[in-house]
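# Observations on the model geometry
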Amino acid sequence: MSDLSDDAQLVERLRAGDEGTFAGIVDRYQASMLRLAQMYVASRAVAEEVVQEAWIGVLKGLDGFQGRSSLRTWIFRIVVNTAKTRGQREGRSMPFSSAFAVAEDEPAVDPERFVPGEGNWSAAPTSWEGVPEERLLARETFAEIERAIEGLPPLQAEVIRLRDVQGWTSLEVCNALDISETNQRVLLHRARSKVRGALERYLDEERAGP
Amino acid sequence: MVCRELVELVTAYLEGAMAPEDRMRLERHLHECYGCAAYIEQIRTTIRLTGHLTAENIPAEGREELLRAFREWKSSG
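From a predicted model like this one, the values you see are computed outputs, not experimental measurements. Per chain, the residues get numbers from 1 upward, laid out in the order the sequence is written. Think of it this way: whatever chain is written first is A, whatever ligand is written first is 1, and the rest follow in order. At least 70 in pLDDT is required for a residue's local features to be given in this predicted model, at least 80 for side-chain atom pairs to be given and counted, and no such filter applies to totals for whole chains, interfaces and linings, which use all residues.

### What to know about the environment of A:Leu162
Residue and element names in this part refer to chain A. Put simply, DSSP marks the helices as runs of H or I at least four residues long and the strands as runs of E at least two long, and each gets a number from the N terminus on. Inspection of the secondary structure puts Leu162 in helix 8 (residues 154-165). Our exposure labels follow a C-beta count within 10 Å of each residue's own C-beta, placed from the backbone: buried means 20 or more other C-beta atoms, exposed means 12 or fewer, and partly exposed covers the counts in between. Since 25 C-beta atoms lie within 10 Å of it, Leu162 is described here as buried. In this structure, Leu162 is in contact with Ser32, Trp168 and Val173, ignoring residues within four places of it in sequence. Working definition of a contact: two residues with C-beta atoms, positioned from the backbone, lying within 7 Å.

### Thoughts on the interface of chain A and chain B
Residue-level contacts link 46 residues of chain A with 38 residues of chain B. Taken together, the residues of the side of chain A that touches chain B sort by class into 23 nonpolar, 12 polar and 11 charged. Gly is put with the polar residues, along with every residue not named as nonpolar or charged; the nonpolar set is Ala, Val, Leu, Ile, Met, Phe, Trp, Tyr, Cys and Pro, and the charged set is Asp, Glu, Lys and Arg.

### A word on the nonpolar core
Nonpolar core, as used here: buried Ala, Val, Leu, Ile, Met, Phe, Trp, Tyr and Cys residues forming one set through C-beta atoms within 7 Å. Ranked by size, the top nonpolar core spans 48 residues in total, and within it A:Ala37 and A:Val79 carry the most contacts. The element best represented in this core is helix 4 (residues 71-89) of chain A, accounting for eight residues. Not counting residues up to four positions away in its chain, the partners in contact with A:Ala37 are A:Ala47, A:Val50, A:Val51, A:Val79 and A:Ala83. Core analysis: the second largest hydrophobic core is formed by 12 residues, A:Ala108, B:Val10, B:Leu26 and B:Tyr39 among them.

### Description of the confidence of the model for chain A
The share of residues in chain A with pLDDT of 70 or more is 89%, and the mean pLDDT across the chain is 88. Each residue carries a pLDDT value, the predictor's own confidence for that position, ranging from 0 to 100. Within chain A, no element has a lower average pLDDT than helix 5 (residues 97-100) of chain A, which sits at 52, and none a higher one than helix 7 (residues 139-150) of chain A, at 95.

### A word on helix 2 (residues 20-32) of chain B
The terminal C-alpha atoms of helix 2 of chain B, which comprises 13 residues, lie 19 Å apart, in line with the 18 Å expected from a rise of 1.5 Å per residue. Among the 13 residues in helix 2 of chain B, one count as buried, and that is only a small part of the element. A helix's residues, less one, multiplied by 1.5 Å, set its expected span.

Following this line, the structure appears as structure tokens:
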């Protein structure tokens, strides 16, 4: 796929009607957009309609795109706004509290691993420096990470996907998802903590051997 | 700072979102604590490995519809 990082070039090619460029952008963002829409509406089918509608909005708005935010942020904002409007029409005033709530007590590490009352490690993690790189980069390891991300609450999953898989900046994610910087950081923190935990269990099992 | 606090501050630390004096407290702890040093190394490795995941593919029918919409948009514009 061609470079998706140069917005000015992308917009120019889209405006010129370059289908390959459009297909590339669709392939890159469609899955995220669907999940995002799904947070605001009742069903997968409605989310698909929302995303289709949003893409039409993107095409219609393209001539007016001024590059004040990145193209992908702008596209995601259109999805969020379209989904919100649709959700309201369906009688859903706000996104699911389950998706957007930040639970108060969700420690990064199992509290049992610290000395009670004192708070230093009783069962400290051990370095992964000795784990061979081919083990870390094995398909099974990535499957483990995927599983961990899929098991996260939707918004946590989306934040870690955008930040750590797709490499967005925190500002882009805040703008795209319409969340505060603090909220974004908490969501990212929870997500990374859980993925680390899953990897630790997986790699420790591996190291313990059969 | 104790270890249980440090693990909750790791993301703020890596994001550069900590006040300088808190950051110094955290780094001081990190220098003295093997467990926390290993923890933050694991978080960094987690971020690196997560970065190797590739974006998912989308269902083919939605894609075709969109490409059709794009062609229509192009010919109408």
